[in-house]
There are 2 protein chains.
Amino acid sequence: MKIYTKAILFLGISSFFTINAQNPVHNYVDPMIGSEGVGRVFIGPSCPYGMVKPSPDCTVNSNSGWLPLPKEVTGFSQIHVSGTGGGPKYGNIQIMPFSGALDKLDQTSYRAEENVKLGYYETVFKENQIKTEITTAEKASFYRITYPKNASKELKIDPGFFLGESPEPEGREAQQFVGSQIEIVSDHEVRGYSRIRGGWNNGRAYTVYFWAVFDQPIAKYVTCKDGKFYANQSSQFDSGKKTAALFSFGKDGKQELNVKIGISFLSELKAKNNVEVEIPHWNFNTVLSALQNKWEPLLSRIKLSSDTSEEYKKMFYTGLYHTMLAPVDRTGENPLWTNDEPYYDDFYCIWDTFRSSSPLITLIDSKREVEIVNAMLNIYKRDGYMPEGRSGNDNGRTQGGSNAEVVVADAFVKNLKGIDYELALKAMLKDATVPPGGNEEKEGRGGLMEYLRLGYVPYNVPRAGNMTIDFSYNDYNIATVAKGLGYTDLYNQYMKQADSWQNLWRSDYENNGAKGFIMPKDAAGNWLDDIVFGESKIQKPTFKYTPVIIESPWYVCHWCVFFYEANSWEYSFSIPHDVPELVRKSGGNEAFQKRLDIFFDSKLYNVANEPSFLTPCLYHWIGKPYLSSDRIHEIIQNNFNATPNGLPGNDDSGAMSSWLAFHMMGLYPNAGQPYYLLNAPFIKETTVQLENGNNFKITAKNMNAKNKYIKAAFLNGKPYNKAWIMHDDIMKGGELVFEMDSKPSTWGTTILPPKK
Amino acid sequence: MKIYTKAILFLGISSFFTINAQNPVHNYVDPMIGSEGVGRVFIGPSCPYGMVKPSPDCTVNSNSGWLPLPKEVTGFSQIHVSGTGGGPKYGNIQIMPFSGALDKLDQTSYRAEENVKLGYYETVFKENQIKTEITTAEKASFYRITYPKNASKELKIDPGFFLGESPEPEGREAQQFVGSQIEIVSDHEVRGYSRIRGGWNNGRAYTVYFWAVFDQPIAKYVTCKDGKFYANQSSQFDSGKKTAALFSFGKDGKQELNVKIGISFLSELKAKNNVEVEIPHWNFNTVLSALQNKWEPLLSRIKLSSDTSEEYKKMFYTGLYHTMLAPVDRTGENPLWTNDEPYYDDFYCIWDTFRSSSPLITLIDSKREVEIVNAMLNIYKRDGYMPEGRSGNDNGRTQGGSNAEVVVADAFVKNLKGIDYELALKAMLKDATVPPGGNEEKEGRGGLMEYLRLGYVPYNVPRAGNMTIDFSYNDYNIATVAKGLGYTDLYNQYMKQADSWQNLWRSDYENNGAKGFIMPKDAAGNWLDDIVFGESKIQKPTFKYTPVIIESPWYVCHWCVFFYEANSWEYSFSIPHDVPELVRKSGGNEAFQKRLDIFFDSKLYNVANEPSFLTPCLYHWIGKPYLSSDRIHEIIQNNFNATPNGLPGNDDSGAMSSWLAFHMMGLYPNAGQPYYLLNAPFIKETTVQLENGNNFKITAKNMNAKNKYIKAAFLNGKPYNKAWIMHDDIMKGGELVFEMDSKPSTWGTTILPPKK
């Protein structure tokens, strides 16, 4: 009884929002943006940070499940991630409607059409004209399947399916089958689970339990194990073989079959409870509007002026939407330990999301960010290290640094309450002092002992280059928190250690007109021009290392490179805590400007990946913020739009999207530090409704295609001459007005952004 | 149908054994030996290496569940371990018969009597006169509960119960509740699970699923969650709270209630399948005799002459029995990965069992040992390291070295087939080269980097002393396998590294009349007399370290000591690969003999723990095997017997018991090396039926209380003058005859046992 009261209360609140939202901003979310090409975003329905993410699976090798037409659909599974690269994860508890005999598992179909909006997915299959509509609650998905008149109504439930299956038994980054089970409970209920290990983060086994409910009685079924069919067995227990079931609901009765699928990471009964609590009815539209009403208050925390173009509104709100798809709120669904703290999974991965996703969540919904940080600290307490690439309840992958440090420092400098920062400092220090041993790829810092001994990670340790750079920044983050908590010795120690990147700075090295690069060095201190690498596939036994080289997959494996997913040109700009020293080392302001210009003009800049996220803003530090703005506008205009191809790189759980959303407002955070860089916005008026009740408005007066430069700025009416603003100033509320002009001005050229 | 055929076939085979065993040796197994005092053996029914081990739980703090009368019984749970120390593990899926209202969970009762034999447990409760009898199959237990006439028949099933619960939320070595669930399936079936983490090995969460079946219909029930009762809810899902159910079977009908409980680590349906496959009937005695018939052929691999005393037969066969209780065969029950290889759990722990348990399993049942080693290699492949203290599907604890190396080397030198020794060498080298990082207590070698850099583990690294000694021996094990596989460089490297113990040998240190001890040294190379330790509870800030000191719990925590569970006197004898060098360092034969005499005569020898297992045999290396025999006979006579107090220390999964069994035969292995030391046996004729079809017989002619010395020995009729024998010589079959005499002879005094 208690449970139902809660649900009704919730619906009451939802209606309240619906009524008040005359022109809801969630209508501007287009889940298809970034779905094609490299974006790889999840296109199905999802609640904010939603655990259940149903979507079609188009082949077994898609990261998000979905691929564009005319690709086939193998079925609809309930758990996905958004925007990821590498080997796919999840794709569990697949269902598939069909018409025909209960004699084969493969019911692959082709889509005749497809319609997607926030919280809603619809497709009609070409061959059998079956229409499938999907929406979802937090922990239970809802399917409305409409069969053609006189067609027989069949459905497959396949807990043996998962994405990223490889014929190779222990294929790296492939998901591996562990077990599955299916059990027909009554003529309208089915339970079971799927147990899978591996995937991109090489995680331990995770189990996805389900409880499916139909609104029509099962007329006939067969169960299936290991490819064999059993007409008279209502269950197939887990014997390490794939199980599934095919159901017929007959030809008679209504053409519409509704299916609710409760999901849980604890048990089938918990999945049943999830569906009962969240969807105690059979109304598809009620589920859909409840979902929309969860998004609306979050998205509308930031309001754009009404004259904003449809395209910009779509790009912006879809950016916010993508940012809030991950990490995933699994509070109450943790099979590893019980407590009252929030539990989040799918940090996928922090290397991608620390830069702009976490800061954007903090700006929109800081209570959520507090929960996320607390979940990270809980993971540290129970699993030993904070997560970096956690998924399926297992820390499993690091790409470079221990970037949880940035997330913690960002929360700290932005004064987020409700976090035990003393514990957080311990967690950071664990990363910085205790080598993860055999688990260098899983958590903590690989190459830590060498880093501490030599001041850099020597070549031959995988990803030595970006690890050195990331560790330096992570050490700065530790110094930040240590200072704030009053640990002066720690502060001094880590502040010094934060200079470690300089130990790989090869100052006399020239390339493409720039001088000084982060370059590989061996443990004996020798710079390496020619590199011997045992796993070289083509050019043996050495290859020439240069700042523009793309090492993988030509010379070494993806994980064995010096610089992960980028080269020295890109990473030699990536010193977010000490740009002034970087400028000095690069030869001073003029040389640094030239270097940036070469970088962007010669297409050395890679818009598709995170290491260069801050680089377009670096002109700020040489007193030329208008050049930053020029670059940013050029980058966005050339690479981002509101089409399915509208994201130029893997969205990586919202990383790319949050970068865009910040820049459209004219703000860009330097994550881990308490300020935002200011640039010419894309929106004339942006209003942020802060959680503290204040509003902060950014207005660009006289902005048009010609007037794209900031002439002057005023904060609450007073002249504001810095091209950066403190987080605290935003939190106080008020208005920042930019007066726009057709040519660059001296605004923001004298008081440079903070340095180390 | 297929399943039933198998079961019938199996029963057929069982009957065959029963018929042929006129005087079955399993009757000599007394599960009560070692149950009281420090032995802590599991006293309930178990198949060999059996997954299910039902037993009464007498308080929540017993390691084996059981405690002697008059302690209360809280219930009977299905999973236990045997002989362990530290925080308890398991104790899952507890049931408890009672008579009365379904209104309270606590149904604690007192035993009026108790009867235990192999495979059988029986007790009658004092207050309510309910009789409970238990037997078990491999994966399903069987309860026959007899209620008094006219009593109402009630039963509790409590998946919320577990052993080792602590009021402290994250108590070290305490088990922690994660979740549980219960669900009444029909009027005679109940399903559910218990999910628990922690325990002695600090393991990740494990889940024990059950499917219980009754032979009488449930008349009434209440379910329970978090202390509240629900009369109308047939299930309680997992919401992170403890769940249970109380059942009434009424007053009418038969007084006997039979309960089968299938157990699985995969799922409830798998548990159901386990009970269906293993116990497809309601005959208690059939289950019991099937169990006995599994033990009989294993136990009878070693036959004792008929004139052996009842007490010796009991001590010996119970020793074999204890040795085969662990590790536990969980093939087909691994929730972490699927393959066709065997899967074993509860290596609890190898530090205890490598010395005599593994060698005894190899002698009795080498195919089993091959499976166990392959399971260890599989764990290495999937989890990164071979196990040391694995339980609940998680490597979780090391006490000293990476002793899996000894197990592998022992299999290698004894020529066990069906093991990929190249893979095994890789697994060993992982231990020896890759520090386990933050997981020093979990797997691999803690303090490895220091060990490799300094040649010893310096003080301040926990357990530095015994780690140095164990690593030295483990390195010798690696050298052994490397040599056998033809890796000469590796062999040379590890053979040299096997001398590392010498770096902690403080040659001028004198204590109690002996000179030279393994003593603590800091990283700078200074010997430490006075030790500063921050966690000192009583004597701060320093304490004097001496070879007789017991550091824990007086000065430092149990895990922070220099020598784990022993002192320098004990560990300074523990160099199993280089006794001749130890003798030399101790001042030569005479000084060494004196040292051994002081050790035993001054009660410095600790019979209760494993580090001194080999020490009584060390007289062999100074050419006085009769002194070894004297010590061994004295130790056994004074400390071992056939009573519940018959084991002088924690049996540790059969370690203590296998030490006894070997010595009773006159053999003692030096695990990891291909020979056994020979001593005066306790048994006149022992015949080992080897798996290769050969028999090996050890005969002690003219042995009596006076004639306790070996005058001469003959192997297959030829004089045999060595006090040690190669494993190969045993495998060839034949007879070793000792001629006994009343005084020591020169036998075995000239050809000393092998050296490094």
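No experiment lies behind these values; they were computed from the predicted model shown.

(A) Main features of the domain arrangement of chain A. Residues and elements named next belong to chain A. Per the domain assignment, the segments of chain A are domain 1 (2-298) and domain 2 (304-327 + 623-756). If you look at the interface, domain 1 gives 27 residues, while domain 2 gives 25 residues. Both faces considered, domain 1 and domain 2 share a buried interface measuring about 2,200 Å² in area, 60% of it formed by carbon and sulfur atoms. Ranking the residues of domain 1 by area buried against domain 2 places Tyr28, Ile33 and Tyr49 at the top, with a combined share of 32%. Viewed at the interface, domain 2 and domain 1 are joined by zero salt bridges. Applying the counting rule to domain 1 against domain 2 returns 13 residue pairs in polar contact (both at pLDDT 80 or more).

(B) View of the state of the cysteines. Residues and elements named next belong to chain A. Evaluated as defined, the whole model comprises two disulfides over all chains. A disulfide bridge connects Cys557 with Cys560, and the sulfur atoms are separated by 1.9 Å. In this structure the cystine formed by Cys557 and Cys560 twists about its S-S bond by roughly 80°; its chirality is therefore right-handed.

(C) Representation of the relation of the copies chain A and chain B. Screw-axis analysis of chain A against chain B gives a translation of 0.0 Å along the axis, an RMSD of 0.0 Å, and a rotation angle of 180°. Interpreted geometrically, this transformation is the action of a two-fold axis. Closest to the rotation axis within chain A is the C-alpha of Gly437(A), separated from it by 1.8 Å. Both copies contact each other with a shared surface, as 100% of the interface residues of chain A are interface residues in chain B too.

(D) Spotlight on the sheet that holds strand S32 (residues 718-719) of chain A. All names here are of chain A. In spatial order, the strands read S18-S29-S30-S34-S31-S32; together these six strands make up an open sheet with mixed pairing. Here the strands that pair on one side only, and so sit at the sheet edges, are strand S18 (302-304) and S32. Bridge count between strand S30 (residues 695-701) and strand S34 (residues 734-741): six bridges; the pairing is parallel. Pairing of Lys701 across the sheet is with Glu739, part of S34.

(E) Here's a closer look at the side chain of Arg204(A). Of note, Arg204(A) is situated in strand S12 (residues 203-214). Reaching out from Arg204(A), the side chain makes a polar contact with the backbone oxygen of Asn393(B) at a distance of 3.5 Å. Not counting the four nearest positions on each side in its chain, Arg204(A) is found in contact with Ile196(A), Arg197(A), Gly392(A), Asp394(A), Arg204(B), Leu336(B), Asp383(B), Asn393(B) and Asp394(B).

(F) Inspection of the interface of chain A and chain B at higher detail. Each side of the interface is counted separately: chain A has 42 residues, and chain B has 43 residues. Here chain A and chain B share an interface that buries about 3,100 Å² over both sides, 47% of which is from carbon and sulfur atoms. Ranking the residues of chain A by area buried against chain B places Arg204(A), Phe237(A) and Leu269(A) at the top, with a combined share of 20%. In this structure, the connection of chain A to chain B is made through 10 salt bridges. A salt bridge links Arg382(A) to Glu170(B); the nearest nitrogen and oxygen atoms lie 2.8 Å apart. The interface formed by chain A and chain B includes 15 residue pairs in polar contact (both at pLDDT 80 or more). Mapped onto the side of chain A that touches chain B, the elements with two or more residues apiece are strand S10 (175-186), strand S11 (189-198), S12, strand S15 (235-236), helix H2 (268-278) and helix H7 (366-383) of chain A. Top element by residues in the side of chain A that touches chain B is S10(A). It accounts for six residues.

(G) Inspection of the pattern of salt bridges at higher detail. One pass over the structure, following the stated rule, counts 81 salt bridges over all chains. Between Glu268(B) and Arg191(B) there is a salt bridge, and its shortest N-O distance comes to 2.5 Å. Residue Glu268(B) is located in helix H2 (residues 268-278), and its partner Arg191(B) is located in strand S11 (residues 189-198); the two are separated by 77 residues in the primary sequence. No difference in accessibility class separates Glu268(B) from Arg191(B), as the two residues are buried. For the salt bridge of Asp365(B) with Arg368(B), the shortest nitrogen-to-oxygen distance reads 3.8 Å. Judged by its relative accessible area of 8%, Asp365(B) falls in the buried class. By relative accessible area, Arg368(B) is classed as buried at 18%. Each member of the salt-bridge network shares a partner with another, and the members are Glu183(A), Arg191(A), Glu268(A), Glu183(B), Arg191(B) and Glu268(B).

Calculation notes
- Residues numbered from 1 in each chain as written.
- Chains lettered and ligands numbered in written order.
- Predicted model: local features only at pLDDT ≥ 70, side-chain atom pairs only at ≥ 80, totals over all residues.
- Heavy atoms only, no water.
- Domains from an automatic or database assignment.
- Contact = heavy atoms within 4.5 Å.
- Buried area = accessible area lost by both parts, 1.4 Å probe.
- Salt bridge = Lys/Arg side-chain N within 4 Å of Asp/Glu carboxyl O.
- Polar contact = N/O pair within 3.5 Å; in protein donor to acceptor, adjacent residues only side chain to side chain.
- Disulfide = S-S within 2.5 Å.
- Least-squares fit on C-alpha atoms with pLDDT ≥ 70 in both.
- Pairing = 2+ DSSP bridges.
- Helix = DSSP H or I, 4+ residues; strand = E, 2+ residues; numbered from the N terminus.
- Buried < 20%, exposed > 50% of the residue type's maximum accessible area, 1.4 Å probe, protein only.

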